[in-house]
Amino acid sequence: PYMNSVMAQNPTAEPELREYDLPEQVFVSDPMNNLLVKPSREEIKPGRLSLHFQEIALDGRVVRKTSASVFLDMWIDVRAAARPLNKGDLLEPQDVTFIRKNLAFMNGDPWDGQGGPWRMTRSVGASQVLYASNLEPLPLVLRGDTVSLVYEGEYIRLEVPAEVMADAGYGDAVTVRNMQSDRQVVATVRDANTVVVH
């Protein structure tokens, strides 16, 4: 499933096998037996692969096993930083370029380019891979923003200006300072301009 997903998402992906560590010859003890080659784990991923040669008798018994290995490279085009990006920077389309990388030596899942808007969770140098873990959704409200603090009851609705005390996204609980009373309350982010308490 993993390799099928990689190939489907990256039509220009190039798998390559190298560093074969295989037996020179594999003989079966009976010409009616089958020789089965199986990876040591079900999910095949780039990197060193362990293989098992199994001689299978007609009754399904494993008569003999031999181990082997091979290194799988998987070259794909991944998104990378077009310029140095700092933690907290908004990721703009012009900040992204593509480079060819080997998945076998990548430290995480590359960003798929979906969703957004995004901002950086850590600094990344020019031409470095943009990993999914490097990005977070841009918050709807940022620390220091002025928003409408709305109280909604069954029969009453009050609205006052408030200062946001921390970054937060849609539906997040965030502390805000009521700019009239100077008291801090926890409210829920409704949109970029409104937080609500009930």
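To be clear, the structure that these remarks concern was listed above.
Within every chain, residues take consecutive numbers counted from 1 along the sequence as written. Two thresholds apply to this predicted model, a pLDDT of at least 70 for residue-level local features and 80 or more for giving and counting side-chain atom pairs, whereas whole-chain, interface and lining totals are computed over all residues. Hydrogen atoms and water are omitted, and side-chain values are computed over all heavy atoms in the structure.

**Overview of the overall build of the protein chain**
Comment: elements are numbered from the N terminus, with helices defined as DSSP H or I runs of at least four residues and strands as E runs of at least two. Broken down by element type, the protein chain carries one helix and 13 strands. The order of α-helices and β-strands along the protein chain, N terminus first, is α-β-β-β-β-β-β-β-β-β-β-β-β-β. A compact globule built from 198 residues should have a C-alpha radius of gyration of about 16 Å, whereas the protein chain, at 28 Å, is more than 25% larger. Across its three principal directions, the C-alpha atoms of the protein chain cover 90 × 40 × 25 Å. Per-residue accessibility takes into account occlusion by the displayed protein chains alone, with areas from the Shrake-Rupley method and a 1.4 Å probe. Carbon together with sulfur atoms contributes 50% to the accessible area of the protein chain, which is approximately 12,500 Å² in total. In the protein chain, the 20 positive side-chain charges and the 27 negative ones have mean positions that sit 4 Å from each other. Taken over C-alpha atoms, the radius of gyration is set against a globule rule of 2.2 Å times the number of residues to the power 0.38. Only four residue types enter the tally: Lys and Arg on the positive side, Asp and Glu on the negative side; His and the chain ends are excluded. Note that the charge is assigned to NZ on lysines, CZ on arginines, CG on aspartates and CD on glutamates.

**Considerations on the packing of aromatic side chains**
Note on aromatic contacts: the rings of Phe and Tyr and the six-membered ring of Trp form a pair at centre separations within 6.5 Å, being stacked when their planes are under 30 degrees apart, edge-to-face when over 60 apart, and tilted otherwise. For the structure on display, the rule yields one aromatic pair. Ring geometry for Phe 71 versus Phe 105: centroids 5.7 Å apart, planes at 20°, classification stacked. Of this pair, Phe 71 sits in strand 4 (residues 62-81) while Phe 105 sits in the loop between strand 6 (96-102) and strand 7 (118-120), and the two are 34 residues apart along the sequence. Only when the NZ atom of a Lys or the CZ atom of an Arg is both within 6 Å of the ring centre and within 35 degrees of the ring normal do we say a charge sits over the ring. Stacked on the ring of Trp 111, the Lys or Arg Arg 79 has its end atom at 6.0 Å from the ring centre.

**Topic: the side chain of Asn 10**
Structurally, Asn 10 is set in the loop between helix 1 (2-9) and strand 1 (14-21). Non-local contacts of Asn 10, meaning those with residues more than four positions away in its chain, are made with Ile 76 and Asp 77. Any pair of residues with heavy atoms lying within 4.5 Å of one another is described as a contacting pair.

**Digging into unusual backbone geometry**
Of note, Ser 127 is a non-glycine position whose phi angle comes to about 70°, a positive value. With respect to the helices and strands, Ser 127 occurs in the loop between strand 7 and strand 8 (135-137). Positive phi, normally seen in glycine, also occurs at Asp 182, with a value near 65°.

**A few points about the environment of Asn 178**
Following the sequence through the fold, Asn 178 ends up in strand 11 (residues 173-178). Only protein chains enter the area calculation, which uses a 1.4 Å probe; residues under 20% of their type maximum are buried, those over 50% are exposed, and those in between are partly exposed. With relative accessibility at 14%, the residue Asn 178 sits in the buried group. A C-alpha to C-alpha distance of 7.4 Å links Asn 178 and Leu 149, two positions 29 residues apart in sequence. Within the structure, the side chain of Asn 178 is placed 2.8 Å from the backbone nitrogen of Gln 180, a separation counted as a polar contact. For this analysis, a polar contact is any N or O atom pair within 3.5 Å, provided that within protein one partner can donate a hydrogen and the other can accept it, and provided that sequence-adjacent residues contribute only side-chain to side-chain pairs.

**Concerning the sheet that holds strand 5 (residues 90-91)**
Within the open sheet, the three strands sit side by side as 5-7-8. Their pairing is antiparallel. One side of each edge strand has no neighbouring strand; the edge strands of this open sheet are strand 5 and strand 8. Pairing between strands is defined by DSSP: at least two bridges between the two strands are required. Across two bridges, the pairing between strand 5 and strand 7 is antiparallel. Counted as the bridge partner of Leu 90 is Arg 119 from strand 7.

**Concerning the environment of Gly 171**
Within the secondary structure, Gly 171 sits in the loop between strand 10 (157-164) and strand 11. Between the alpha carbons of Gly 171 and Arg 64 there is a distance of 59 Å; along the sequence they are 107 residues apart. Leaving out residues up to four positions away in the same chain, Gly 171 has contacts with Thr 188 and Val 189.

**Regarding the sheet that holds strand 11**
Strands sit in the order 9-10-11-12-13 around a closed barrel of five strands; the barrel is mixed. Each neighbouring strand pair of the sheet contributes to a mean axis angle of 55°, computed without reference to strand direction. Both strand 9 (residues 146-152) and strand 13 (residues 194-197) contribute to a ladder of four bridges, which runs parallel. Its bridge partner being in strand 13, Tyr 151 is matched across the sheet by Val 197. Axis definition: a line fit to C-alpha positions, over the contact stretch in the case of helices; interaxial angles, taken between N-to-C directions, run 0 to 180 degrees.

From the geometry alone we can't say anything about function, so treat these as descriptive.
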